[in-house]
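# Observations on the model geometry
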Amino acid sequence: MELAILIGVFLTGLAIGIPVAITLGLSSLAYLLFAGIPLVSMPQKMYAGMDVFTLLCIPGFILAGNLMNNGGITERIIRFANAGVGWMRGGLGLTNIAGSMLFGGISGTAVADAASIGGMMIPGMKKAGYPGDFSAAVTAASSTVGPMIPPSLPMIIVGSLTGISVGKMFLAGAVPGILLGVGMMITCYAISIKRSFPKQPWEGFAELFKSFLSASWALAMTALIVGGLLSGLVTPTETAVIASAYAMIVGAFIYRQLRLRDVPRILVDSAISSAAILALVGFANVFGWILVSERIPQMIADAVLGFTENKFVVILLINLLLLFVGMFMETIAALIILFVPLLQLATSVGVEPLHFATFAVLNLMLGLTTPPVGVCLFVCGGIAKLPLSKVVKAILPFLLSNLVVLLLVSYIPMLATWLPNYLMP
């Protein structure tokens, strides 16, 4: 009875559009009330979920990304990407994807990528003669690369849940992130050839070199983050603080586009974003605790293993479940609720934890571009001033490309594990 109330309130909240964090809290509260469990359990479990040292780096990386975004980074990255690939057929679409790959190493979030890159590229592509639906679709699809390339907020969440090294998680996402970008570039180029999209004139190696120098301070931020973690001299939290200081210096004194009077506003915006994420973590931890107490993870594992113990079939079933969940639930909430039980299921059939973590995060990233809760679809559709249905139709070829990459990463463990095991043995 109590479990039915939990699921019923949760699904009803999602259906009527209540934010996921509040829905998780309301459904958990309803369960506790009907089960007769003291309500003091709720703040205790929320605090336990948020009281993880690794999570301290989330505010730091969000602040670093916001400082760089306000410091002129987006324009420089797009200029560099356009100099490199803009001369090809469909060059602005390719620039969009390349820009997302470079930008992802700074923002760490798909929504920030979609808003920042999309705010510049979608109007520019439409003005250059690209259809609005294609412009929005390629922006939304490429934004999913961001959380795979370090720093990545979902990877930090996974590290806090499992104890897997955050440094290894960052490195594990690098190769899949590059594969996502390359796959979408191939798809974009094929569509551009078929539909005769325009291309930009080649501006020469001089412009390529100048644009690289202009963007080099921004691109070096990723090297700073990864290098710090690989050296073992700093923790992820200390790396986030260093990245924030670096972003402040570059934006204010090198690029000179970050005004010091804007810093208080950026600090407040970063604090609000961080608080929203940590509130979601807290509520999701209560919800996950209830599911564990009801033995739901064990029931899922028993049901799957009762059906098959074949490793490859289990991986397929996990992917199908996560794809379905990703269509309706926010990424971080889905990770906190489902990751640990599905990790137990995966390891029971011989899947390495680091490998599972990588394809699970990649899988849920695709949910950001699938209706009805695809946040990046809404962001890009709003910028392009188009209904969601048109953007969904245009994004289907890119989703297919991303699904191919997901299958490759799911069934070829080396794509996720080789780099972290080589650099951090």
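Presented here is an overview of the structure given in this document. (Residues numbered from 1 in each chain as written. Predicted model: local features only at pLDDT ≥ 70, side-chain atom pairs only at ≥ 80, totals over all residues. Heavy atoms only, no water.)

Here the focus is the pattern of salt bridges. Applying the stated criterion across every chain, the model contains 3 salt bridges. With a shortest N-O distance of 2.8 Å, Arg 79 and Glu 207 are connected by a salt bridge. Highlighted residues: Arg 79 in helix α5 (residues 73–85) and Glu 207 in helix α12 (residues 204–231), separated in sequence by 128 residues. A residue is classified by how much of its surface remains accessible, and Arg 79, at 35% relative accessible area, is partly exposed. Linking Arg 265 and Asp 269 is a salt bridge whose minimum nitrogen-to-oxygen distance equals 3.5 Å. In this pair, Arg 265 and Asp 269 both sit in helix α14 (residues 263–293), 4 residues apart, roughly one turn of the helix. Since its relative accessible area comes to 40%, Arg 265 is described here as partly exposed. (Salt bridge = Lys/Arg side-chain N within 4 Å of Asp/Glu carboxyl O. Helix = DSSP H or I, 4+ residues; strand = E, 2+ residues; numbered from the N terminus. Buried < 20%, exposed > 50% of the residue type's maximum accessible area, 1.4 Å probe, protein only.)

The next point concerns the layout of surface pockets. In this model, the second largest pocket occupies a volume close to 400 Å³. If you trace the second largest pocket, you find 23 residues lining it, with Asn 285, Gly 288, Val 292, Ile 336 and Val 340 closest to the centre. For the lining of the second largest pocket, the elements supplying multiple residues, two or more each, are α3 (41–50), α9 (153–162), α14, α15 (296–307) and α17 (331–348). A class-by-class count of the residues in the lining of the second largest pocket yields 15 nonpolar, 6 polar and 2 charged. (1 Å grid on protein atoms, 1.4 Å probe; cavity = no way out; pocket = protein on both sides within 12 Å on 5 of 7 lines; lining within 4 Å. Points joined across faces, edges and corners; volume = space filled by probe spheres on them. Nonpolar A, V, L, I, M, F, W, Y, C, P; charged D, E, K, R; others polar.)

This next bit is on a nonpolar patch on the surface. Taken together, Leu 230, Leu 400, Val 404, Leu 408, Ile 412, Met 414, Trp 418, Tyr 422 and Leu 423 make up a surface patch of nonpolar side chains, about 890 Å² in accessible area. Sorting the residues of the nonpolar patch by element identifies α20 (388–411) and α21 (414–423) as the ones contributing at least two each. Per-element tally for the nonpolar patch: the top contributor is α21, with 4 residues. Met 414 sits in the exposed class, given a relative accessible area of 57%. (Patch = residues over 30% accessible without salt bridge, like charges linked within 9 Å, V, L, I, M, F, W, Y side chains within 5 Å. Areas by Shrake-Rupley, 256 points an atom, 1.4 Å probe, with all protein chains shown as cover.)

What follows deals with the nonpolar core. By size, the foremost hydrophobic cluster in this structure holds 128 residues, and its most contacted members are Leu 24, Ile 318, Phe 356 and Phe 398. Top element by residues in this core is α17. It accounts for 12 residues. Discounting chain neighbours no more than four positions away, the residues touching Phe 398 are Phe 134, Val 138, Ala 141, Met 184, Thr 187, Cys 188 and Ile 191. Listed in part, the 5 residues of the second largest apolar core include Leu 171, Val 226, Leu 419 and Met 424. (Core = buried A, V, L, I, M, F, W, Y, C linked by side-chain atoms within 4.5 Å. Contact = heavy atoms within 4.5 Å.)

This paragraph deals with the environment of Phe 197. Counting through the fold element by element, Phe 197 comes out in the loop between α11 (174–195) and α12. Taking the relative accessible area as the measure of exposure, Phe 197 reaches 4% and is therefore buried. With sequence-adjacent residues up to four places away left out, Phe 197 is seen in contact with Arg 89, Gly 90, Tyr 130, Pro 131, Phe 134, Ile 191 and Ser 192.

What follows is about the side chain of Ser 211. The topology assignment puts Ser 211 in helix α12. Residues within four places of Ser 211 in sequence aside, it is in contact with Arg 79, Phe 80 and Ala 83.

Looking now at the side chain of Ser 27. Structurally, the position occupied by Ser 27 is in helix α2 (residues 20–35). Owing to a relative accessible area of 0%, Ser 27 belongs among the buried residues under this scheme. Each residue touching Ser 27, except ones within four places of it in the same chain, is listed here: Leu 6, Val 9, Phe 10 and Phe 287.

Examined against the element boundaries, Ile 22 turns out to sit in helix α2. Ile 22 gets classed as partly exposed once you look at its relative accessible area, which sits at 44%. Expressed as a C-alpha distance, the spacing of Ile 22 and Leu 280, which sit 258 residues apart in the sequence, is 8.1 Å.

Following the sequence through the fold, Leu 386 ends up in the loop between α19 (375–384) and α20. For Leu 386, a relative accessible area of 24% translates into the label partly exposed. When the C-alpha positions of Leu 386 and Gly 17 are compared, they lie 21 Å apart, and in sequence the two are 369 residues distant. With residues up to four places along the chain from it excluded, the contact list for Leu 386 reads Gly 132, Asp 133, Gly 381 and Val 391.

It is worth spelling out helix α8 (residues 132–142) at this point. Most of α8 is tucked away: 10 of the 11 residues are buried. Along α8, the positions that sit buried rather than exposed are Gly 132, Phe 134, Ser 135, Ala 136, Ala 137, Val 138, Thr 139, Ala 140, Ala 141 and Ser 142.

Let's shift gears to unusual backbone geometry. Unusually for a residue other than glycine, Ser 196 sits at a positive phi of about 55 degrees. With respect to the helices and strands, the residue Ser 196 is situated in the loop between α11 and α12. Residue Ser 196 is classed as exposed on the basis of its relative accessible area, which comes to 56%. Phi is positive for Arg 256, close to 55 degrees, though the residue is something other than glycine.

So, about α5. Over its 13 residues, α5 extends 19 Å from the first C-alpha to the last, a length consistent with the 18 Å expected when each residue adds 1.5 Å. Counting buried positions along α5 gives 10 out of 13 residues, so the element sits mostly inside the fold. Among the residues of α5, Ile 73, Thr 74, Arg 76, Ile 77, Ile 78, Phe 80, Ala 81, Asn 82, Ala 83 and Val 85 are the ones counted as buried. (Expected span 1.5 Å × (residues − 1).)

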